[in-house]
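# Results of the structural survey
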Number of protein chains: 4
Amino acid sequence: MAVKTFPEYLESLRKMKPTAYMFGARVENVVDNPRIRGGINSTGATYELANLEKYRDLLTTVSPFTGERINRFTLPPQSIEDLVARVKINRILGAYVGTCHQRCTGLDCMAALSIVTFDIDKKHGTPYYNRFLDFLRYMQKNDFTANASVTDVKGDRSLAPHEQPDKDLYLRVTEKTKDGIVVKGAKVHQTGSLSAHELIVLPTRAMGKGDEDYAVAFAIPADTKGVIHVVGRNTMDTREIEGVDCGNIRYSKYCPTVIYDEVFVPWERVFMCGEIEYSGEIVNRFSAFHRQSHGGCKSGKIDAMTGAALVMMDYNGTSKVTHHKEKIIDMIHMAETLYGCSLAASYEGKKEASGTYFINSVLANASKIHEGKQMSEMIRLLVDITGGYVADLPSDRDFNNAEVGGLLKKYLQGAVGVPVENRIKMLRLVEKLAMESADTISDLHGGGSPAAHRLTIMRESDLNARKNCAKRLAGIE
Amino acid sequence: MAVKTFPEYLESLRKMKPTAYMFGARVENVVDNPRIRGGINSTGATYELANLEKYRDLLTTVSPFTGERINRFTLPPQSIEDLVARVKINRILGAYVGTCHQRCTGLDCMAALSIVTFDIDKKHGTPYYNRFLDFLRYMQKNDFTANASVTDVKGDRSLAPHEQPDKDLYLRVTEKTKDGIVVKGAKVHQTGSLSAHELIVLPTRAMGKGDEDYAVAFAIPADTKGVIHVVGRNTMDTREIEGVDCGNIRYSKYCPTVIYDEVFVPWERVFMCGEIEYSGEIVNRFSAFHRQSHGGCKSGKIDAMTGAALVMMDYNGTSKVTHHKEKIIDMIHMAETLYGCSLAASYEGKKEASGTYFINSVLANASKIHEGKQMSEMIRLLVDITGGYVADLPSDRDFNNAEVGGLLKKYLQGAVGVPVENRIKMLRLVEKLAMESADTISDLHGGGSPAAHRLTIMRESDLNARKNCAKRLAGIE
Amino acid sequence: MAVKTFPEYLESLRKMKPTAYMFGARVENVVDNPRIRGGINSTGATYELANLEKYRDLLTTVSPFTGERINRFTLPPQSIEDLVARVKINRILGAYVGTCHQRCTGLDCMAALSIVTFDIDKKHGTPYYNRFLDFLRYMQKNDFTANASVTDVKGDRSLAPHEQPDKDLYLRVTEKTKDGIVVKGAKVHQTGSLSAHELIVLPTRAMGKGDEDYAVAFAIPADTKGVIHVVGRNTMDTREIEGVDCGNIRYSKYCPTVIYDEVFVPWERVFMCGEIEYSGEIVNRFSAFHRQSHGGCKSGKIDAMTGAALVMMDYNGTSKVTHHKEKIIDMIHMAETLYGCSLAASYEGKKEASGTYFINSVLANASKIHEGKQMSEMIRLLVDITGGYVADLPSDRDFNNAEVGGLLKKYLQGAVGVPVENRIKMLRLVEKLAMESADTISDLHGGGSPAAHRLTIMRESDLNARKNCAKRLAGIE
Amino acid sequence: MAVKTFPEYLESLRKMKPTAYMFGARVENVVDNPRIRGGINSTGATYELANLEKYRDLLTTVSPFTGERINRFTLPPQSIEDLVARVKINRILGAYVGTCHQRCTGLDCMAALSIVTFDIDKKHGTPYYNRFLDFLRYMQKNDFTANASVTDVKGDRSLAPHEQPDKDLYLRVTEKTKDGIVVKGAKVHQTGSLSAHELIVLPTRAMGKGDEDYAVAFAIPADTKGVIHVVGRNTMDTREIEGVDCGNIRYSKYCPTVIYDEVFVPWERVFMCGEIEYSGEIVNRFSAFHRQSHGGCKSGKIDAMTGAALVMMDYNGTSKVTHHKEKIIDMIHMAETLYGCSLAASYEGKKEASGTYFINSVLANASKIHEGKQMSEMIRLLVDITGGYVADLPSDRDFNNAEVGGLLKKYLQGAVGVPVENRIKMLRLVEKLAMESADTISDLHGGGSPAAHRLTIMRESDLNARKNCAKRLAGIE
């Protein structure tokens, strides 16, 4: 069986030697760095749950490519059932880690490649699909995690890749040799890039004439020479480093900027190289899958937020306050909206030429549009119910201070019978859920900007059918 | 085959002799009354499409109860496929008639009864389920339309049925005889009651001790003695009567108040009588089904509205205006949201003891909450795109007037190349879609009030699971 | 004293002989036509209240132009106090008539002209300002009502006036003679044009080179030869004609299309003729004033709607229902938002060169943006609180019918102690407030489209000041 | 002249010896602590601007109590002009510091006390008003800053103060002596308590029988014995301590929990003691003033956010993107809404018995309701426009790192011609504006919870007048 346990996953990461920086210094031991470890734990939950009796049947399946039982996070969907499982798994994981589990992006890349490499080959007679299948079997056998290296730095947004004064502002091929290609560029918001074994690079946008060098897709190990991970700032990051006031006691998220500084990629790992007309196709497929992944995991995250809000009501003595209950309903409603649209996108999926199933993209984007607009509202409701201590709760170090700790614990008491320690813990979790930037910003910008989600549903809807429907009703022939 | 055609449906209605009033006068010929006919045509579309090649496989199926091919509007769902077909059929019909087709309520009653009568019998040893099956087979063989007689007048909303000073403000049993029961009361907002062959009466709310006489369910022909249909006012109603300025050239909606003035119901048509503890159950089942019906048909209605908006953009010369396109996206987004949540409610349905499949009620209500909040916004967007003539378009009689008709047609010209007649027709359709009260108000109050939808999703969600999830993340044992 | 009473106002209208059509027929007696009379009564309220002790000091003032006490609806604001009075008067009137009082548009035209004619003269040495002052004194002495003839039919919206294939799709000067000009065109949504003594024509948009003939402003009596008023359809219009089920027992609104079919205007009434560079200026001034007028009257209309909702709660027995109270709060909140922004626009007004005071346009438009977005939400809340009878209340003719009237009155009973007649009346008023198109559509399109309001606040805000503020905080020199 | 400069303000703070804790340790030098200093600088801006030519006339005035020129932050409003100045000053300061300036709360307490102490004295013959005037003159002469010590910890929210198992969960009088009183309790979210010279304690809610000990108001120096300030956590706090990645280069905010551990207050500083019936009155007055303060400063903060968004558009090359412009309009619109309603609240203010002017509370709360709902939306728009780097921008230490700094600067380039350093600085400012918790949470919970704002506008609106208005229109006598 190819399904790794959480300890095996950690072990496999320890064998890697990625180049990583954080706050101006090199990070040698990535796995035990407390800030990165929170993210690794989140991805680790995908290994953990796959081995739990309760979730095994949902999280694992037999691969038609290897014949072995695998973790679903290594399988491009091969049926409607697979598509539906995506959403349910993501909801469970979103609630289980209370943040992003960071393993969906790699799967979404593989799903996109499993469709588009087949189509490119069919048109151009290229060998991409078989190369990809070799890679896929390798990932499945090892139960590896992949990371989506999609979003380029982009430079001046009003210019195409080849029009930028600095040619490297979209990742590009700088050299082609007998053995492979050399690439240069940088990808940003690389959620969990140090929790992954492999980086899968896809183009970030549709390309046109002149952009040939930028239309490239490939996969390489996360510790390949020339790959530099720079872990940026997010709010509350130093708390993880100091091991205090973390809120979520085990899980977190980080999103490095990853620089590809003249990186060599062997041909057997190159899945696209110059076919500009498929660049938009590949990013659209990836984005549709990824936006739907959000629909699952964010509904799970709202479940965790709703739970925190309900507990705070118990702890504050406001469980019977009507306007608080109304806010809980708003939270449930939004979780179900994301979930319902994402599930429907799966159930209404279709088989593509390669055999992979693709979701209904309009429904997937409909879910994401709600996420981009409403997750900040979910936070607002959670903060409203919780109260002002989201802004300024004293540190655990204060609660443990000999002089003021006792006083603070006296005054932080909530509803009768609730241990003050529990109330403090839950207040801190709310702070994490509401105000940690790495996770909350992805509600908006994960899977492309809200404007992109909007354009997608217009582009993929049949406007003429709607016009004809209205004309018939009005009696216009 | 039991599937009626539209002419056969009309013919079957002509044989009935219901007691009907409108604007203070008795209506003798219901079928040819131009105001009621618009509604009959809408329901007629369910017969029409069932006989079209394109839709036959979706709208008809073989009944496990009769072995014959039937219209799905007579079949309580017996599979996930049946549940999914509900939503797709309703979306098609919503767009096809551009208003309410008025046949879903009867089906939703039958679906609810097919579950609850079985459960009552199991507990009480009553004969309701078999009686209901006889009725169901009768409906299927004749391809009859039923009407949901659910919403009581309610009197003082702060009082239970038996607490009202006037005991008839909820429909109740006033007498029980060897042959049947006598009932008295009134049901309101009886969409299409004169387009239906049978009225199915269900209680409108949960009942408690003292309400036994009010816990009653049955079915009777719409022209039963003592049943009085009073067709009320809606905006634009006189236009149908005068046959001018209708907007939607064939379809419309009407919703009588139906008075049960000492009506006799034979025992074989009584499906519940006094089992107060099932009163809430039956209305909850009906409401969940009916709220989901809305999810389908209103997404179809938004399709028609979106089409009208797009055509108006063509006709006004504003097809390239960015903020109009953004509004179109908002309309598509909402249609897909209703559709996605409703579809997911079907796909996630479950089999009940009687064999009928029940939808996921949380997802069905999630869709309805959006409808109740957002349909008025859809109208706003449609009116915004269309322009001010939604308020004050001259009458077709003015356009045909010898003195001013020519001038009006000159000045009503829109984009170059668009016949002015078409622009006038489409403006009138928009007026109908946006401002006709019978249909637009049902976005809000159809299937119970928005507050009821909200309470339902809270009641049926697992709040403790969410609390435990948050406690685990916060480290609270 | 120049302040007319309501009877004097009616009398003055009776002396006029406008050319009017409605539903394909000529209307000879405008004042006694029941549909038009509702609108005349609304405007009449501005005369009525000016003569009531309680409101006299607010509605009347002494004119600096005539030295006489006048109705403020004939006075371009000459002080901050005048600007503030605008808003307060409009709120009172909006609540008093429960619809549009239809006299603000003329005042807003006069206010705009009192600023721009002065500016044009200063640049071009034209005699417009003095001509305008003569007209103004005439209006004040007679306490006449003017109507804003601003919105052209516009034809293809993507083309400028002179680019239209039919040159008359914006009103234009077709001939200039020694005595005056001849104009041709049509103006739409002419709220209350038959309740007015004078029509004031302004251009509807900014003009460019080639549009000289369209840059024209003037005033003429509403019954001038060649002026044709065509009263269009609105929902519920036939009820006024039949005198039944009106809802609002005295007041209503109508908005004709007015055709100028070769109309002669003497020079002394021409206030602009060809000065294209002031065309945008004049419409911007008018629009800013008029959008603010809405802020006052619509907050008053929300007051009436809130009152209707509160009474319905009393009548239905739901006065203690929390979610209803929350909706009342939303209604109060929006009324105060419109009122607050509009009041602030007055208090922050500035004196223009001619002496007229102009409002703060950003604040005025801020109010209007809320109106355009939120009035449909106000209706939704009102309907939600009221219940489904907004859609299908039986006619008063049914309530009076010998056979069913008694039954209907029995079943329409609401809360204990409330006369059923009162409940029926209030339900009918709600239907009028919520579903009558002439008034509700103006929430959106009155004073220009929402997109125009939005552009205005961006254009008139200092974006660079904001940029510099951010740069300083970021430490960017 | 009593107007201090910023250096004089700093100097005056250095003379104080408050007891302060942060992160488990005692803070001895408050003024130079980099985390607290950001807040002190913010309050310092109120001193700085008062001495700038451009703002002097707005920020200072002559006190009717001392006859000297004073900073307006020490003057309860004595005229409509004073009320209006409040809003304008706060908007300017909000934009100037890009966060909370933290001096309004003290003024709002003094304004409330100047009204209510007078009223209490009038009823009870107490000496509170004169004591308060002495205190006020002291504040004015020294140009001191006061802090509002209002929000109690509250314990179990479902219990009244005297019902709590621990009697100290609302601050209370534990002893009365000849010289004064001894109090015990804790106040939370004490914005800028270490930037203030004096703490003004008011009750946090209406009190009833049994709560007499809790109905207490007084003022004491911030470094009084027994007063303990515990500075809690907020997101990004360690950055200030480390002096890196701060975003806003000079200004910040902090909100300690302040414990009153048996604190003695001399009688001359006691302004209320046991008059339970005025407890609600005093908190309502304070809240109304304070909610309006928010209307001013948050509109200023939105100005700074709008500026940051506009600069990011310039820096990213998206200045011409339509949907970005629409979001800018939404931001301007909300700033003007808060500003308009708050200004109107001032202009419509009224003189109270003591001579202090009180704002229109409904309009002030209308502004605050928008703030509580829309500030999170403003953040969402800012983040949407800015892009994903709000979540994970590398540290300045990375940009300065020899190995990766150059690469990062290469890849962070934006629009052609923009120095990469400026883009990085502006991205960091956006992170601060969007994700720093101390400031953003106050949008919601500052001045009481949103539910409190809502209840206020219902309580203070004339509901019967609205009902009567609707009844008249419906013809109900």
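Residues numbered from 1 in each chain as written. Chains lettered and ligands numbered in written order. Predicted model: local features only at pLDDT ≥ 70, side-chain atom pairs only at ≥ 80, totals over all residues. Heavy atoms only, no water.

Before going further, it helps to examine the overall build of chain A. Helix and strand counts for chain A come out as 17 helices and 14 strands. Its C-alpha atoms give chain A a radius of gyration of 23 Å, near enough to 23 Å, the size a compact globule of 477 residues would have. Across its three principal axes, chain A shows a C-alpha extent of roughly 75 × 70 × 50 Å. Residues classed as buried in chain A amount to 72% of the 477 residues present. Computed over 61 positive and 59 negative side-chain charges, the separation of the two mean positions in chain A equals 2 Å. (Helix = DSSP H or I, 4+ residues; strand = E, 2+ residues; numbered from the N terminus. Rg over C-alpha atoms; globule rule 2.2 N^0.38 Å. Buried < 20%, exposed > 50% of the residue type's maximum accessible area, 1.4 Å probe, protein only. Lys, Arg positive; Asp, Glu negative; His and termini not counted. Charge placed at Lys NZ, Arg CZ, Asp CG, Glu CD.)

Okay, the relation of the copies chain B and chain C next. By a simple turn and slide, chain B fits onto chain C: the slide is 0.0 Å along the axis, the RMSD is 0.0 Å, and the turn is 180°. Put plainly, the chains are arranged around a two-fold axis. No C-alpha of chain B approaches the rotation axis more nearly than that of threonine 235 of chain B, which lies at 2.6 Å. Looking at the interface residues of chain B, 100% of them are also at the interface in chain C, so both copies use one shared face. (Least-squares fit on C-alpha atoms with pLDDT ≥ 70 in both. Contact = heavy atoms within 4.5 Å.)

Below, the discussion takes up the interface of chain A and chain D. Each side of the interface is counted separately: chain A has 85 residues, and chain D has 85 residues. For the pair chain A and chain D, the summed buried area comes to about 6800 Å², and 58% of that belongs to carbon and sulfur atoms. On the chain A side of the contact with chain D, Arg233, Arg380 and Tyr411 of chain A bury the most area, a combined 12% of that side's loss. If you look at where chain A meets chain D, you find 8 salt bridges. A salt bridge links arginine 233 of chain A to aspartate 245 of chain D; the nearest nitrogen and oxygen atoms lie 2.9 Å apart. Counting across the chain A and chain D interface gives 39 residue pairs in polar contact (both at pLDDT 80 or more). Sort the elements by how many residues they give to the side of chain A that touches chain D and helix α10 (residues 361-386) of chain A lands first, with 7 residues. Residues of the side of chain A that touches chain D, tallied by class, amount to 36 nonpolar, 25 polar and 24 charged. (Buried area = accessible area lost by both parts, 1.4 Å probe. Salt bridge = Lys/Arg side-chain N within 4 Å of Asp/Glu carboxyl O. Polar contact = N/O pair within 3.5 Å; in protein donor to acceptor, adjacent residues only side chain to side chain. Nonpolar A, V, L, I, M, F, W, Y, C, P; charged D, E, K, R; others polar.)

So, about the interface of chain B and chain C. The partner chain C presents 85 residues to the 85 residues of chain B that form the contact. Here chain B packs against chain C, burying approximately 6800 Å² in sum over the two surfaces, 58% of which is carbon and sulfur. Interface area lost by chain B to chain C is led by Arg233, Arg380 and Tyr411 of chain B, which between them contribute 12%. Our enumeration of links across chain B and chain C arrives at 8 salt bridges. Of the charged contacts, one joins aspartate 166 of chain C and lysine 410 of chain B as a salt bridge, the two residues approaching to 2.9 Å between their closest N and O atoms. Across the contact surface, chain B and chain C share 38 residue pairs in polar contact (both at pLDDT 80 or more). Among the elements that line the side of chain B that touches chain C, the one with the most residues is helix α10 (residues 361-386) of chain B, at 7 residues. Looking at the side of chain B that touches chain C, its residues break down into 36 nonpolar, 25 polar and 24 charged.

Here asparagine 422 of chain A shows up in helix α14 (residues 420-435). Ignoring anything within four residues of it in the chain, the contact list for asparagine 422 of chain A reads Tyr315 of chain A together with Ile476 of chain B.

Before going further, it helps to spend a moment on the sheet that holds strand β12 (residues 270-273) of chain A. Residue and element names in this part refer to chain A. Sheet architecture is open: 4 strands sit in the order β5-β8-β9-β12, paired in mixed fashion. Strands at the two margins of the open sheet, each flanked by one partner only, are β5 (146-149) and β12. Between one strand axis and the next, the sheet turns through 20° on average, direction left out of account. Across 3 bridges, strand β9 (residues 216-221) lies against β12 in antiparallel orientation. Each bridged residue has a counterpart across the sheet, and for valine 216 the counterpart in β12 is cysteine 273. Sitting on the sheet, helix α5 (residues 104-124) touches β5, β8 (198-201), β9 and β12, and the angle it makes with β5 is about 70°. (Pairing = 2+ DSSP bridges. Axes fitted to C-alpha atoms, helices over the stretch in contact; angles between N-to-C directions.)

In a pair of packed helices, the angle between the axes and the distance between the axes together describe the arrangement. One can describe the packing of helix α17 (residues 463-474) of chain A onto helix α8 (residues 279-316) of chain B by two numbers: an axis separation of 7 Å at closest approach and a directional angle of 90°. In terms of orientation, α17 of chain A and α8 of chain B fall into the roughly perpendicular class. Taken together, the residues of α8 of chain B that come into contact with α17 of chain A (itself represented by Leu463, Arg466, Lys467, Cys469, Ala470, Lys471 and Leu473 of chain A) are Asp303, Ala304, Thr306, Gly307, Ala308, Leu310, Val311, Asp314 and Tyr315 of chain B. Class assignment for the residues of the contact of α17 of chain A with α8 of chain B results in 9 nonpolar, 2 polar and 5 charged. (Parallel < 35°, antiparallel > 145°, perpendicular 65-115°, else oblique.)

You can overlay chain A on chain D at an RMSD of 0.0 Å; the transform is a turn of 180° with a shift of 0.0 Å along its axis. Both copies present the same face, since 100% of the interface residues in chain A are matched by interface residues at the equivalent positions in chain D.

Take the pattern of salt bridges next. Tallying each qualifying case throughout the model produces 180 salt bridges over all chains. A salt bridge links glutamate 336 of chain A to arginine 91 of chain A; the nearest nitrogen and oxygen atoms lie 3.1 Å apart. With glutamate 336 of chain A in helix α9 (residues 322-347) and arginine 91 of chain A in helix α4 (residues 80-97), this residue pair connects regions lying 245 residues apart in the sequence. Comparing glutamate 336 of chain A with arginine 91 of chain A shows no difference in burial state: the two are buried. Between arginine 466 of chain A and aspartate 303 of chain B there is a salt bridge, and its shortest N-O distance comes to 3.4 Å. Of this pair, arginine 466 of chain A sits in helix α17 while aspartate 303 of chain B is found in helix α8, placing the two residues in two different chains. Per residue, the accessibility class of arginine 466 of chain A equals that of aspartate 303 of chain B, and both read buried. Among the charged side chains, a network of salt bridges with common partners joins Arg233 and Asp237 of chain A together with Arg239, Asp245, Asp396, Arg428 and Glu431 of chain D.

So, about the sheet that holds strand β11 (residues 257-266) of chain A. Residue and element names in this part refer to chain A. Spatial strand order, β2-β1-β10-β11-β7-β6: 6 strands in an open sheet with mixed pairing. The outermost strands of the open sheet, each flanked by one partner alone, are β2 (25-26) and β6 (172-176). Summarising the sheet, β6 and strand β7 (residues 180-187) pair through 4 bridges and their orientation is antiparallel. Residue pairing in the sheet places arginine 172 in a bridge with lysine 184 of β7.

Right, let's get into the pairing of β7 of chain A. Residues and elements named next belong to chain A. Of all 8 residues making up β7, 8 are buried, and the element is well covered by its neighbours. Turn length for the β6-β7 hairpin, with the two strands adjacent in sequence and antiparallel, is 3 residues. Pairing of β7 with β11, which is carried by 7 bridges, proceeds in the antiparallel orientation. Paired with valine 182 across the strands is phenylalanine 264, a residue of β11.

Another point: the side chain of glutamine 102 of chain C. All names here are of chain C. Checked against the element boundaries, glutamine 102 lands in the loop between α4 (80-97) and α5 (104-124). Polar contacts involving the side chain of glutamine 102 include one to the main-chain carbonyl oxygen of cysteine 100, which spans 3.0 Å. A polar contact of 2.9 Å, which involves the side chain of glutamine 102, links it to the backbone oxygen of serine 252.

All names here are of chain C. Tracing the sequence through the fold places valine 87 in helix α4. On the basis of relative accessible area, valine 87 is assigned to the buried category, the value being 1%. Counting along the chain gives 37 residues from valine 87 to histidine 124, while the straight-line C-alpha distance between them is 34 Å. Setting aside anything within four residues of it in sequence, one finds valine 87 in contact with Gln292, Gly296, Tyr339, Ser342, Leu343 and Ser346.

The predicted structure's coordinates, where accompanied by low pLDDT, should not be read in detail. Summarising the model, chain A shows a mean pLDDT of 97, and 100% of its residues fall at 70 or more. With pTM at 0.97, the complex prediction returns an ipTM value of 0.97. (pLDDT = per-residue confidence, 0-100.)

On to the environment of glycine 296 of chain A. Residue and element names in this part refer to chain A. Within the fold, glycine 296 resides in helix α8 (residues 279-316). What makes glycine 296 buried here is its relative accessible area of 0%. Expressed as a C-alpha distance, the spacing of glycine 296 and asparagine 90, which sit 206 residues apart in the sequence, is 4.7 Å. With residues up to four places along the chain from it excluded, the contact list for glycine 296 reads Val87, Asn90, Arg91 and Ser342.

Let us now look at helix α1 (residues 6-14) of chain D. Residue and element names in this part refer to chain D. Within α1, burial applies to Phe6, Tyr9, Leu10, Ser12 and Leu13. Seen from one end, α1 has its buried residues packed into an arc of 160°, which puts them on one side. On its buried face, α1 sits against α2 (34-50). (Arc of directions from axis to C-beta.)

Before going further, it helps to examine the packing of α9 of chain A against α10 of chain A. Residues and elements named next belong to chain A. Running from amino to carboxyl end, α9 crosses α10 at an angle of 160°, the nearest separation of the two axes being 9 Å. Classified by the angle between their axes, α9 and α10 sit roughly antiparallel to one another. Where α9 crosses over α10, the handedness of that crossing is left-handed. Contacts from His324, Lys327, Ile328, Asp330, Met331, Met334, Thr337, Leu338, Cys341, Ser342, Ala344 and Ala345 in α9 reach Leu363, Ala364, Ser367, His370, Glu371, Gln374, Met375, Met378, Leu381, Leu382, Asp384 and Ile385 in α10. Residues that form the contact of α9 with α10 fall into these classes: 14 nonpolar, 6 polar and 4 charged. (Left-handed = near helix turned anticlockwise from the far one by under 90°.)

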